[in-house]
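Tertiary structure, described
Chain by chain, the residues:
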Amino acid sequence: MKTETVLITGASSGIGLELAKCFAADKSNLILVARSTDALETLANELRREHKIEVHVITSDLARPEAPSEIFAQTGKLGLTVDVLVNNAGFGLHGGFAELPLLRQLEMIQVNIAALVELTGLFLPGMIQRSCGGILNVGSVAGFLPGPQMAVYYASKAFVLSFSEALHEELRGTGVRVTDLCPGPTETNFFKVARSHRIRETRTRKMSAALVAQIGHRDFRNEKCLSVPGMQNKMLALVASKLLPRPAVRKLVNRYNKLK
Ligand SMILES: NC(=O)c1ccc[n+]([C@@H]2O[C@H](COP(=O)([O-])OP(=O)(O)OC[C@H]3O[C@@H](n4cnc5c(N)ncnc54)[C@H](OP(=O)(O)O)[C@@H]3O)[C@@H](O)[C@H]2O)c1
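So, here's what we can say about the structure. (Residues numbered from 1 in each chain as written. Predicted model: local features only at pLDDT ≥ 70, side-chain atom pairs only at ≥ 80, totals over all residues.)

1. Describing the overall build of the chain
Threshold: Secondary structure elements are taken from DSSP: a helix is a run of H or I of four residues or more, a strand is a run of E of two residues or more, and numbering for both begins at the N terminus. This radius of gyration counts C-alpha atoms alone. The globule rule is 2.2 Å times how many residues there are, raised to the power 0.38. Here exposure depends only on C-beta density: within 10 Å of a residue's C-beta, 20 or more other C-beta atoms make it buried, 12 or fewer make it exposed, and intermediate numbers make it partly exposed, the C-beta atoms being placed from the backbone. A pair of residues counts as a contact when their C-beta atoms, built from backbone coordinates, are within 7 Å of each other.
If you tally the helices and strands in the chain, you get 10 helices and 9 strands. The globule rule puts the C-alpha radius of gyration for 260 residues at 18 Å, and the 18 Å found for the chain is close to it. Dimensions of the chain, computed from C-alpha atoms along their principal axes, come out at roughly 50 × 40 × 30 Å. Taking all 260 residues of the chain together, 44% fall into the buried category. When contacts within the chain are restricted to residue pairs at least 6 apart in sequence, those whose partners lie at least 24 apart make up 69%.

2. Looking at the sheet that holds strand β1 (residues 5-9)
Here is the rule: Following DSSP output, two strands are said to pair if at least two bridges run between them.
One open sheet holds the 7 strands; their spatial order is β3-β2-β1-β4-β5-β6-β9, and the pairing between them is parallel. Edge positions in the open sheet fall to β3 (55-59) and β9 (226-227), since each of these has one partner strand only.

3. Focus: helix α5 (residues 151-170)
This is how it is decided: Each helix should span, by expectation, one fewer than its residue count multiplied by 1.5 Å.
For α5, which comprises 20 residues, the first-to-last C-alpha distance of 29 Å matches the rise-based estimate of 28 Å (1.5 Å per residue) to within 8%. Where α5 is buried, its residues meet α4 (102-130), β5 (133-138) and β6 (176-181).

4. Description of the pairing of β6
Threshold: For the handedness criterion, the strands are oriented away from the viewer, and a crossover whose path from the first strand over the helix to the second runs clockwise is classed as right-handed.
Taking burial as the measure, the 6 residues of β6 include 6 buried ones, the bulk of the element. Neither face of β6 is exposed, since Val-176, Val-178 and Asp-180 on one face and Arg-177, Thr-179 and Leu-181 on the opposite face are all buried. The pairing of β5 with β6 spans 6 bridges and is classified as parallel. By the bridge assignment, Gly-133 is partnered in β6 with Val-176. Considered for its hand, the β-α-β crossover made up of β5, α5 and β6 is right-handed.

5. A word on the packing of helix α1 (residues 14-25) against helix α2 (residues 37-51)
The cut-off we apply is this: Fitted lines through C-alpha atoms give the axes, limited to the stretch in contact for helices. The angle between two N-to-C directions lies from 0 to 180 degrees. With respect to orientation, any angle under 35 degrees is reported as roughly parallel, any angle over 145 as roughly antiparallel, any angle of 65 to 115 as roughly perpendicular, and every other angle as oblique. Crossing handedness is defined as follows: a turn of the near helix away from the far one that is anticlockwise and smaller than a right angle gives a left-handed crossing, while the clockwise case is right-handed. For this classification, the nonpolar set comprises Ala, Val, Leu, Ile, Met, Phe, Trp, Tyr, Cys and Pro, the charged set comprises Asp, Glu, Lys and Arg, and every other residue, Gly included, is treated as polar.
Contact geometry of α1 with α2 gives a least axis separation of 10 Å together with a crossing angle of 20 degrees. Considering their axes alone, α1 and α2 lie roughly parallel with respect to each other. Seen from above, α1 lies across α2 with right-handed handedness. Together, Leu-17, Ala-20, Ala-24 and Ala-25 of α1 and Leu-43, Leu-47 and His-51 of α2 make up the contact between the two elements. Split by residue class, the contact of α1 with α2 holds 6 nonpolar, 1 polar and no charged.

6. Points about the nonpolar core
To keep it simple, the criterion reads: Think of a nonpolar core as buried Ala, Val, Leu, Ile, Met, Phe, Trp, Tyr and Cys residues, each tied to the set through C-beta atoms within 7 Å.
Counting residues in hydrophobic clusters, the biggest one holds 66 residues, and the most contacted among them are Ile-8, Ala-11, Ala-20, Leu-30 and Leu-32. With sequence-adjacent residues up to four places away left out, Ile-8 is seen in contact with Gly-16, Leu-19, Ala-20, Leu-30, Leu-32, Val-33, Val-86 and Asn-88.

Structure (structure tokens):
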């Protein structure tokens, strides 16, 4: 049987890097995408050595609207068929919508939403044609909540949740699976990038990126639509989306995100 090829965005650190290790342990060949070439090359060498797999590195800034089509063209030039697409690259920004730089928030929409949709649109038809493969999107428990003080980030993850659930249903019976991995607070560079480390560092218990990736990878292999790692996060998703009234949820999130 042909060896599976998995393309992972945001593989240079955190959850994406750990997902790369999970797929490498399956003996899948990998295409690693992010901006940090050195970090990608270091990981690629480690995984080639340890698992005897093929690993390709593509340096790309997904905030550039041309990036998804360039990545698609580059995989074609390399003669690679992408069987599994892992849309993991993403970032958040902490602060009130009006105070945060608008351009950076638009970049967030480009990376967290537009690039994810375009990469899906480019690679999915081939998967459907071959009747196999899948897409693992990295959303967040934030996708279940309105997110004052991180409005665009939470909304971007609500998009990922809705989009992934819809595709999961549309693709039933095609042989192509779609999973939304919805982590809660996880030990990565995320909080530094979002500039929210002062608040969360002391207040929040975080899961390790390795454990989050292992759970997401397992749930993807088991063809689950949603993967919410950890009991605390499962409860949060359930309480926020089904048990508490929406006005109470948004007040609670606002208070939590404002903690100093
Ligand atoms: N950590 C958490 O608490 C948490 C919770 C829920 C969901 N998530 C989600 O998990 C995913 C991974 O984040 P993480 O927590 O692992 O944080 P991280 O350690 O900061 O990793 C983010 C990854 O995305 C890549 N990335 C960011 N901007 C990019 C761009 N413009 N172009 C290409 N790649 C870009 C980064 O690579 P380069 O910097 O090298 O480009 C890096 O590999 C994100 O979608 C995030 O929203 C995180």
